[in-house]
Amino acid sequence: MAGEGEKKPVLEMVQADGADEGCVTFVLHDEDHTLGNSLRYMIMKNADVEFCGYTITHPSESKINFRIQTRGGLPATEPLRRGLNELNDVCQHVLNTFQARVGEFKDGQEQPME
């Protein structure tokens, strides 16, 4: 257990003894359904992923158990990394589009209506 002043890891990898790298549970701390469901969706788009799901251990705890199972010997860390990168790209696109439209709206507000 982390003592005072020590930061607990944001991501832990839990793997059963003797299990292959294609079947791993990741524990994401300080996260909820917002990241869990979005990330699950992005990872399931990968054809090499056989199963991807998550559970919230308890409503009073803010951590997710995130399970990934892959086909063909692909390590589960690869779809996780790819899913996080793709989700980041989608979020960046949404943010850029939103900021552009807010800018257009503000520019339109400065011009008097006829």
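First, a word on what this report is: a plain description of the structure on this page. (Residues numbered from 1 in each chain as written. Predicted model: local features only at pLDDT ≥ 70, side-chain atom pairs only at ≥ 80, totals over all residues. Heavy atoms only, no water.)

What about the pattern of salt bridges?
Now for step 1: According to the stated counting rule, one finds three salt bridges in the structure shown.
Now for step 2: Arg81 is the salt-bridge partner of Glu78, the closest N and O atoms lying 3.4 Å from each other. With a gap of three residues between them, Glu78 and Arg81 both fall in helix H2 (residues 77–110), about one helical turn apart.
Now for step 3: Judged by its relative accessible area of 37%, Glu78 falls in the partly exposed class.
Now for step 4: The class for Arg81 is partly exposed, based on a relative accessible area of 49%.
Now for step 5: When the shortest N-O distance is used, the salt bridge between Arg101 and Glu104 registers 3.2 Å. Of this pair, Arg101 and Glu104 both sit in helix H2, three residues apart, roughly one helical turn.
Now for step 6: On the basis of relative accessible area, Arg101 is assigned to the partly exposed category, the value being 48%.
Now for step 7: Judged by relative accessible area, Glu104 falls into the partly exposed class, the value being 48%. (Salt bridge = Lys/Arg side-chain N within 4 Å of Asp/Glu carboxyl O. Helix = DSSP H or I, 4+ residues; strand = E, 2+ residues; numbered from the N terminus. Buried < 20%, exposed > 50% of the residue type's maximum accessible area, 1.4 Å probe, protein only.)

Looking at the sheet that holds strand E4 (residues 63–70)
Now for step 1: Ordered in space as E1-E2-E4-E3, the four strands form an open sheet in which the pairing is antiparallel. Looking along the sheet, the strands with just one partner apiece sit at the ends: strand E1 (11–14) and strand E3 (49–56). The mean inter-strand angle of the sheet, taken between neighbouring strand axes irrespective of direction, is 20 degrees.
Now for step 2: The pairing of strand E2 (residues 23–29) with E4 spans seven bridges and is classified as antiparallel. From the neighbouring strand, Phe26 faces E4, where its bridge partner is Phe66.
Now for step 3: The strands that helix H1 (residues 33–44) touches are E2, E3 and E4; relative to E3, the one it contacts most, it runs at about 175 degrees.
Now for step 4: Strands E1, E2, E3 and E4 of the sheet are contacted by H2, whose axis makes an angle of about 120 degrees with E4. (Pairing = 2+ DSSP bridges. Axes fitted to C-alpha atoms, helices over the stretch in contact; angles between N-to-C directions. Contact = heavy atoms within 4.5 Å.)

Things to note about H1
Now for step 1: Between its first and last C-alpha, H1 extends 16 Å over 12 residues, near the 16 Å set by a 1.5 Å rise per residue.
Now for step 2: Listed in full, the buried residues belonging to H1 are Leu35, Gly36, Leu39, Met42 and Ile43. For H1, the angular spread of buried residues about the axis comes to 140 degrees, placing them on one side. Relative to its buried face, H1 has exposed residues pointing more than 90 degrees away, namely Thr34 and Tyr41.
Now for step 3: Looking at the packing, one finds that the buried side of H1 touches E2, E3, E4 and H2.
Now for step 4: Among the residues of H1, the N-terminal cap falls to Asp32, whose side-chain oxygen and the backbone nitrogen of Thr34 are separated by 3.0 Å. (Expected span 1.5 Å × (residues − 1). Arc of directions from axis to C-beta. Polar contact = N/O pair within 3.5 Å; in protein donor to acceptor, adjacent residues only side chain to side chain.)

Coordinates in, geometry out; function isn't part of it.
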